[in-house]
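A closer look at the structure
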Amino acid sequence: MRLSSLESLVILKDIKQKIEECLLQCEGKLVWEKEDEEIVAEIMRRRFFPALITHKAWEGFHFAGHEIRITEATDCYGAVVWPSALVLCYFLETNSKQYNLVDKNVIEIGAGTGLVSIVAGLLGALVTATDLPELLGNLHHNVLQNTKLKCKHQPCVKELSWGIDLEKNFPKSSCHFDYILAADVVYHHPFLDELLLTFDHLCRNDTVILWAMKFRLEKENQFVGRFQTLFDLEVISDFPSLNITLYKAMRKGRMKARPSKVTV
């Protein structure tokens, strides 16, 4: 079957349009990858290491106009600074106008070494840094060393084992948090049910959750779907080169419409 000149022109035009769309998609992907690499490089530049080897392992970070020194322990997952924490710290610092932490009640779950809690405290928040009892010694040391006489409100450190004695230790009648911060709390551990229960207990109708998650295994990744049964979830930033996504979440039906892109 022979095509008329008009039909041939229509087909050629359609092919040209599809080629242009593919080129635009490729160009957009390349631009996004470049932006991702540049932002990640900027985030990682905030980290520095001691010039001399010391008897205690530590890493340094520059956030909120301060030099922060974090003591780590390589034998414990929760006593190491992971990239998700850096992403969240960078976001809090560079978006301090939109997410103003001054005089806000903030709790960090799974605080680990305390870097995120320290940065939140330096930005003016009333911070409660929480983690398992075996991590509290190092957590308290880092928080005190980096915030004493530097913060408007001295952060406090408190035990929180996910899902255990939540009402006893954090009664709903008296505990109201404006923000819940979480970095790298979803990984290969058997307490994902308890983690979701903890989010649910601590979150009020106007509480904002800022959560940086590194995607690893499918089982852990499925937690996002379960999380969305209770909370509305919005992607604030995505870092493909790190497999990290930064989320904002609120109780279902409480999220206000706003532009999806935030400066990072």
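I will try to describe carefully the structure that is included in this document. (Residues numbered from 1 in each chain as written. Predicted model: local features only at pLDDT ≥ 70, side-chain atom pairs only at ≥ 80, totals over all residues. Heavy atoms only, no water.)

**Brief notes about the pairing of strand β6 (residues 156-159)**
Using the following cut-off: At least two DSSP bridges between two strands are needed for those strands to be called paired. Elements are defined by DSSP. Helices are runs of H or I of four residues or more, strands are runs of E of two residues or more, and each kind is numbered from the N terminus. With the strands aimed away from the viewer, a crossover counts as right-handed if its path from the first strand over the helix to the second runs clockwise.
Examined bridge by bridge, strand β5 (residues 126-131) and β6 share 4 bridges and lie parallel to one another. Counterpart to T130 in the pairing with β6 is K158. Following the chain from β5 across helix α4 (residues 136-147) to the adjacent parallel β6, one finds a crossover that is right-handed.

**Quick look at the nonpolar core**
We count it as follows: Here, nonpolar core means buried Ala, Val, Leu, Ile, Met, Phe, Trp, Tyr and Cys residues that are tied together by side-chain atoms lying within 4.5 Å of each other. A simple rule labels every residue: compare its accessible area, found with a 1.4 Å probe on the protein chains alone, to the largest value its type can have, and call it buried under 20%, exposed over 50%, or partly exposed in between. Contact between two residues is taken to exist if any of their heavy atoms lie within 4.5 Å; hydrogens are not considered.
Residues I68, L88, L92, L115, L181 and L210 are the most contacted members of the largest nonpolar core, which totals 47 residues. Sequence-distant contacts of L92, defined by excluding residues within four places in its chain, comprise L101, V116, L123, L181 and L210. A182, L192, F199 and Y247 belong to the second-largest nonpolar core, a separate cluster that totals 27 residues.

**So, the packing of aromatic side chains**
Put simply, the rule reads: Ring geometry is summarised as follows: Phe, Tyr and Trp rings, the Trp one being its six-membered ring, pair when their centres sit within 6.5 Å, and such pairs are stacked at plane angles under 30 degrees, edge-to-face over 60 and tilted between the two. Here, a charge over a ring is recorded when the distance from Lys NZ or Arg CZ to the ring centre is within 6 Å and its angle to the ring normal is within 35 degrees.
Applying the stated rule across the entire model yields 10 aromatic pairs. Ring centres 5.9 Å apart and planes at 85° place the aromatic pair W211 and F223 in the edge-to-face group. Of the two residues, W211 is situated in strand β8 (residues 208-214) and F223 in helix α8 (residues 223-227); the sequence distance between them amounts to 12 residues. Residue F223 is classed as buried on the basis of its relative accessible area, which comes to 1%. Joined through ring pairs, the aromatic side chains of F199, W211, F223, F227, F231 and Y247 make up one cluster. When the ring centre of F170 is taken as origin, the NZ or CZ atom of K158, which lies over that ring, is 4.4 Å away.

**Digging into the pattern of salt bridges**
The criterion, for reference: Each reported salt bridge corresponds to a side-chain nitrogen of Lys or Arg within 4 Å of a carboxyl oxygen of Asp or Glu.
Applying the stated rule across the entire model yields 9 salt bridges. Close ionic contact of R47 with E59 constitutes a salt bridge, the shortest N to O distance being 2.5 Å. Here the residue R47 occupies a position in strand β1 (residues 47-48), and E59 occupies one in strand β2 (residues 58-63), the gap between them amounting to 12 residues. Given the relative accessible area of 8%, E59 is considered buried. A salt bridge links R226 to D193, with the nearest nitrogen and oxygen atoms 2.1 Å apart.

**Observations concerning the sheet that holds strand β7 (residues 179-183)**
Applicable threshold: To define axes, lines are fitted to C-alpha atoms, for helices over the stretch in contact only, and angles between the resulting N-to-C directions are given on a 0 to 180 degree scale.
Taking strand neighbours across the sheet as the criterion, the 7 strands line up as β6-β5-β4-β7-β8-β10-β9 in an open arrangement whose pairing is mixed. Since the sheet does not close on itself, it has two edges, and those belong to β6 and β9 (231-239), each with one partner. Each adjacent strand pair in this sheet contributes to an overall mean axis angle of 20°, direction not counted. Direction of pairing for strand β4 (residues 105-109) relative to β7: parallel, over a ladder of 4 bridges. Residue pairing for β7: V106 is matched across the bridge by Y179. The strands touched by helix α2 (residues 83-94) are β7, β8, β9 and β10 (244-251); relative to β8, the strand with the most contacts, the crossing angle is about 140°. In the packing of helix α6 (residues 192-202) onto the sheet, contacts are made with β4, β7, β8, β9 and β10, and the angle to β4 comes to roughly 175°.

**Observations regarding the state of the cysteines**
Quick reminder of the rule: A pair of cysteine sulfur atoms is labelled a disulfide when the two atoms are within 2.5 Å.
Under the counting rule described, the total for this entry stands at 0 disulfides. Take C156: it sits in no disulfide, and the sulfur closest to it among the cysteines is that of C175, at 9.8 Å.

**Some points on the sheet that holds β2**
Backbone hydrogen bonds are what pair the strands of a sheet, in a parallel or an antiparallel way. Taken in spatial order, the 3 strands of this open sheet run β1-β2-β3, and their pairing is antiparallel. The sheet terminates laterally at β1 and β3 (66-71), the two strands that pair on one side only. When β1 meets β2, the two strands line up antiparallel, connected through 2 bridges. If you follow R47 over to β2, its bridge partner there is F61.

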